[in-house]
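Fold and geometry: a report
So you can see what is in the structure, the chains are spelled out below.
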Amino acid sequence: MSVKILAIESSCDDTGASVLVDGKILSNCIANQTVHEQYGGVVPELASRAHQENIVPVVDLALKKAGVSKEELSAIAFTQAPGLMGSLLVGSSFAKSLAMALDIPLIAVHHMQAHVLANFIAESKPSFPFLCLTVSGGHTQIVRCDSPLQMKVIGETLDDAAGEAFDKSAKLLGLPYPGGPLIDKYAAQGDPKRFKFPEPQIPGLNFSFSGLKTSILYFIQSQEPQFIQDNLADICASIQQRIISILMNKLVKASKETGIKEIGIAGGVSANSGLRKALEEQGAKYGWNTYIPKFEYCTDNAAMIAITAWYKYQAGEFAGLDVIPGARAAF
Ligand code: KG4
Ligand code: ZN
């Protein structure tokens, strides 16, 4: 009998639902929350309320698109952690209730593990060991994977995440939230060598973005608003280029230290066109096999929760109804 999993993602500001059948994603639906734009960042209480409004229609749509009925489901998966507490509560409560009503197993998924496993949705999957640079709004990690469920963080940010570096820079430039995709857009027309921002000297495989943020702040404060307007593309390209070089230098170092040449990227920032290009270039230079999830599997989505749940289902890793959202820091 085939295994049909419904997965729910509600860690931050997007409500996602996906249906997977025997390892294949049949639907991946998302309701984006626009309510936060006017505040320049995600407002947690508004996020949980929007999840509550969105969750039933999004799940309904995911089931319809996949042509699967609730009664056929084998398991319900949800994002357990990390994330905004209220947002996680909506997804986990919904998943628990549905699993109980249908009398089927519940699968608790770690959001960061799921970002990494987004690389395993495509037909051509990485082999092990595999190194993944996970870059999102809240995390920047280099993860060593020895199997789908055996992962270890070998480097991470000591302060801001790469996504935050993009978003905070964008905010300083007067761009709306989330600024990452906008910096990407303007950077495409700009000269990345025009302005020089510093690269922090952090030992090992860890990252830091706070010094870069400060230097961008001082740079912007020292310029006339008209200059910023007129040179926006070059400024965005220079900021983006520096964030990418910080990320790629550590990834190259991690590959050299571990000897691993199966290399992927994941998380919202892996949607960045400059980072995607840089990975391909470094891959060609160092003889890596590179992996980049499709755009819709980079930013938060439920398909990555579904693929992780598929591996957990096969390993018999189920959760009890007493599982606590937000309670697990590590994967
Ligand atoms: O993984 P994600 O969707 O949510 C978290 O788990 O945090 O990542 C969101 C982050 C935001 O900081 C957003 O600005 C960034 O990913 N992002 C991008 C791009 N698309 C999304 N950053 C740079 N370039 C992009 N194209
Ligand atoms: Zn995420």
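Keep in mind it's a predicted model, so treat the numbers as computed, not measured. (Residues numbered from 1 in each chain as written. Chains lettered and ligands numbered in written order. Predicted model: local features only at pLDDT ≥ 70, side-chain atom pairs only at ≥ 80, totals over all residues. Heavy atoms only, no water.)

1. As for the domain arrangement of the protein chain
- Taken domain by domain, the protein chain holds domain 1 (4–116 + 298–315) and domain 2 (124–292).
- The partner domain 2 presents 20 residues to the 14 residues of domain 1 that form the contact.
- Both faces considered, domain 1 and domain 2 share a buried interface measuring about 1400 Å² in area, 74% of it formed by carbon and sulfur atoms.
- The largest per-residue losses of area from domain 1 upon contact with domain 2 belong to M112, V116 and C298, which jointly make up 40% of the total buried on that side.
- In this structure, the connection of domain 1 to domain 2 is made through zero salt bridges. (Domains from an automatic or database assignment. Contact = heavy atoms within 4.5 Å. Buried area = accessible area lost by both parts, 1.4 Å probe. Salt bridge = Lys/Arg side-chain N within 4 Å of Asp/Glu carboxyl O.)

2. What about the sheet that holds strand β6 (residues 130–135)?
- Taken in spatial order, the five strands make up an open sheet running β8-β7-β6-β9-β10, and their pairing is mixed. Two strands in the sheet have a free side with no partner beyond their single neighbour: β8 (150–156) and β10 (289–291). Taken pair by pair, the neighbouring strands of this sheet meet at an average axis angle of 25°, ignoring direction.
- Both strand β7 (residues 140–147) and β8 contribute to a ladder of six bridges, which runs antiparallel. Bridge pairing links Q141 to E156 in β8.
- Helix α8 (residues 232–258) contacts β6, β7, β8 and β9 (262–266) of the sheet and is inclined by roughly 160° relative to β6. (Pairing = 2+ DSSP bridges. Helix = DSSP H or I, 4+ residues; strand = E, 2+ residues; numbered from the N terminus. Axes fitted to C-alpha atoms, helices over the stretch in contact; angles between N-to-C directions.)

3. Regarding the pattern of salt bridges
- Tallied over the entire structure, the rule returns 14 salt bridges.
- The closest approach of N and O atoms between E164 and K168, which form a salt bridge, is 3.5 Å. You can see E164 and its partner K168 sitting in helix α4 (residues 162–172), four residues apart, about one turn around the helix.
- Among the residues examined, K168 registers a relative accessible area of 29% and is labelled partly exposed.
- Of the charged contacts in the structure, one is a salt bridge between R242 and E199, with a shortest N-O distance of 3.0 Å. Pair noted here: R242 is in helix α8 and E199 is in the loop between α5 (180–187) and α6 (210–221), with a separation of 43 residues, a long-range link.
- Shared partners join several salt bridges into a network, and the residues in it are D160, E164, K168 and K213. (Buried < 20%, exposed > 50% of the residue type's maximum accessible area, 1.4 Å probe, protein only.)

4. Considerations on the site of ligand 1
- Ligand 1 sits among 19 residues. The nearest are G137, D167, D184, G268 and D300.
- The contact in question runs from an oxygen atom of ligand 1 to an N or O atom on the side chain of D167, over 2.6 Å.
- Listing elements by their share of the shell around ligand 1, those giving two or more residues are α3 (111–117), α4 and α5.
- A breakdown of the residues in the shell around ligand 1 according to their chemical character gives five nonpolar, 11 polar and three charged.
- Counting only domains with at least three residues in the shell around ligand 1, you end up with domain 1 (4–116 + 298–315) and domain 2 (124–292). (Near = heavy atom within 4 Å. Polar contact = N/O pair within 3.5 Å; in protein donor to acceptor, adjacent residues only side chain to side chain. Nonpolar A, V, L, I, M, F, W, Y, C, P; charged D, E, K, R; others polar.)

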